[in-house]
Amino acid sequence: MAEDDNTPARRINRRRLLQGMGAAGVVGVTGCIGGNGDDDPGDDAGDDAGDDVDTDGDDDDDDEPADLSGIQEGGTLRIAEGANIDSFDPPYSTDTTSSSAQFFVFEGLVTSDTQGNYYPWLAESYELVETNDIDRTAYEEYMISVGADEEGILDTDAQVIVQHPEDNPLEDDEVRILTTEEAADAVADGVFGMQYRYELREGVEFHNGEELTAEHVVATAARYENSDVSAQTFDSVLYVEEEDEYTVSIYAQVPDAEGEGQLPGFYIHSLEQAELPGGEVDPRQGNTPIGTGPYELVEFEDEQYAEYEKFDGYWLEEMGVDSLDWFEGGDEFPDGPVIDEIELEIVPDDATRAGALQNDEIDVTSGLATATLDDFDAAEDFVVETTETGGYTYIQYPVNIEPWDDERLRQAVNHLVPRQQIVDNVLNGWGRPAWTDIPELAEESGTADAEALEERIRPQNEFDPERAAELIEEVENDGVEFPLEVQLETNADNDDRVQLVELIAASMEESGYFETSVETYEWNSYIARVLDPEYPQEEIIPCIGLSGTFNPESFCDALHNTANIGQCCNLTGISDEEFDEMVDAARFDVDVVDDQELRGERYDEIWDLLAERRYSSITHFGLTDAIMHNRVQNFSTHPFPESMYSFALHAPQEEQVIWLDDQDDEDDE
């Protein structure tokens, strides 16, 4: 069952992305607060929900190698997505649907499996050359000074690589920084944290005929400067250097425990497009995206559809899968995807997507309201594949607005979040309550003892109206008047999420201490709203979903690090210097690079701090789901939704490939 806390999890991936998962729901069960308020009303609910659901994507026979003898080549995979493709430009988009659409076209230097292990990809090989035990003050002599205004905005257009740890833009008129230009000087003098060297495959062609060289990697890195993901890219990357035509080094600022996966996190661009302004690698701007991937975008209609065709010169098909030194699969595994075309339809309404699947107008979709999953799971002609994901849903408190700057108030509301009921009654069992802030797939590096962590943290996340009342009375005794009026909000095109927010609002209302209202917005409008610089000054509790990574940092840093204010996804302007330093120490410290236990211990301190200060409340860890017609063969889901389709189509690292089993029927028509 989905609520089984011991559900196994698969692993992978890189960056954190806003989760636009899904759109709407049709049937959805609106939860309501029941009982006498003494117990979590969801304790006994939904025990049968998802009983026959494979929540880890691991059917009984999944341990056996897939029988690839029946592979059929050709055909068109028809996918329906619940949100529009906001951008085809990798460094200028943060939503799941956009990333999913981009991953058919773009590739990176490395790839990974669902366990979070990394393999050379566009790089034929890579190595860690050197690690130096330094901190960011080592760059002091290379830094330049720039002015800072009263809002802390620096007077420079350059990408800030490192800011001097002792300077504070909000307090100092001048701040010492390191930009890309000075970073080159530091590297030349041997001042850097880590050096990874990548030997590129020779003969890899972009869709426009360019051959991949080190120049492409350098140009791509430059394109990520000051982009929408620059904060999470240049929290580690120091400098990218072309050593020769097919050799490139990526340097880290300081020792980075996630360096192997995070440093090469670029999706490589062609030189033709690398210097385009941000957001213009997009057909809406007259530029069809050009990558090295197995598919080319051939047609796009905004808010309607995207169509892809196989790229005839795909490098892996030209070189053969055996050219991957690490490949251990059989001769029958194909050199590339076997499906010729992809049609990606934009269908925001969940009921319409479900109907399209039932009417054989599409082959596969995801993100349907959870109540609908039960129907498809029981139907003979359909298959529901799921995996517990690193994706999670959270609400965040307006910490810059009184009295929400009082952690006792935030702790109180956290005790009014009915996590078990959300999973049982809203998600119908298709998820797991977030008793701690870290999912199982990140536990290996994110805690020294997962069981001890849950035993310690879970009581602080239990539904407990009596404890909430005690905390609120303490706040009230300090002069705060109740009831408090507060607005909760989320994206309208996800019925489960709307019901979740309504349930939390109802729980707060029922306490008698709050008067709540709920507002919803169309997905793209909502993203623009919550990332507006003025948003942290509003007395609003936003709810949104986020896709993490195997890095435990992605379950705390994105939400709470000062550097992520205005980017993904510190929505309410949380700035906690102690937290920032603790996160830094758990990843960017030579002591934790090779000491997994110490790293886990440092993250445990972070989870304790967050439980005490309670800036955000993670409600549950969801599932990556794919609902498909049973003609789609051998589909395995991926822990992170943005990689689900590209992984399923062809992934040599796990001998994963899908095909359509009715090609003969189509040929006869």
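What counts, and at which threshold
Residues numbered from 1 in each chain as written. Predicted model: local features only at pLDDT ≥ 70, side-chain atom pairs only at ≥ 80, totals over all residues. Heavy atoms only, no water. Helix = DSSP H or I, 4+ residues; strand = E, 2+ residues; numbered from the N terminus. Buried < 20%, exposed > 50% of the residue type's maximum accessible area, 1.4 Å probe, protein only. Contact = heavy atoms within 4.5 Å. Pairing = 2+ DSSP bridges. Axes fitted to C-alpha atoms, helices over the stretch in contact; angles between N-to-C directions.

A. Quick look at the side chain of Ser98. As for its position among the elements, Ser98 is in helix H1 (residues 96-102). Judged by its relative accessible area of 0%, Ser98 is buried. When near neighbours in sequence (up to four residues on either side) are disregarded, Ser98 contacts Ile85, Asp86, Ser87 and Ser93.

B. Up close: the sheet that holds strand E8 (residues 174-179). Taken together, 3 strands build an open sheet; the order of strands is E6-E8-E7 and the sheet is antiparallel. Across the chains shown, the open sheet's two edge strands, defined by having one partner strand only, are strand E6 (144-147) and strand E7 (160-163). Pairs of neighbouring strands in the sheet enclose a mean axial angle of 50 degrees, with direction left out of account. Taken together, the 4 bridges between E6 and E8 define a ladder with antiparallel strand orientation. If you follow Gly147 over to E8, its bridge partner there is Glu174. Its contacts with the sheet put helix H2 (residues 180-188) on E6, E7 and E8, and the angle it makes with E8 is roughly 65 degrees.

C. Seen up close, the sheet that holds strand E11 (residues 247-252). On the basis of which strands lie adjacent, the open sheet formed by 4 strands has the order E5-E9-E11-E10 and antiparallel pairing. The open sheet is flanked by strand E5 (123-131) and strand E10 (237-244), the only strands paired with a single partner. Each strand of the sheet is rotated relative to its neighbour by a mean of 20 degrees, with strand direction disregarded. Relative to strand E9 (residues 194-200), E5 runs antiparallel, the two sharing 7 bridges. Looking at the pairing, Tyr126 lines up with Tyr198 of E9. The strands touched by helix H3 (residues 214-223) within the sheet are E9, E10 and E11, with E10 carrying the most contacts at an inclination of about 160 degrees.

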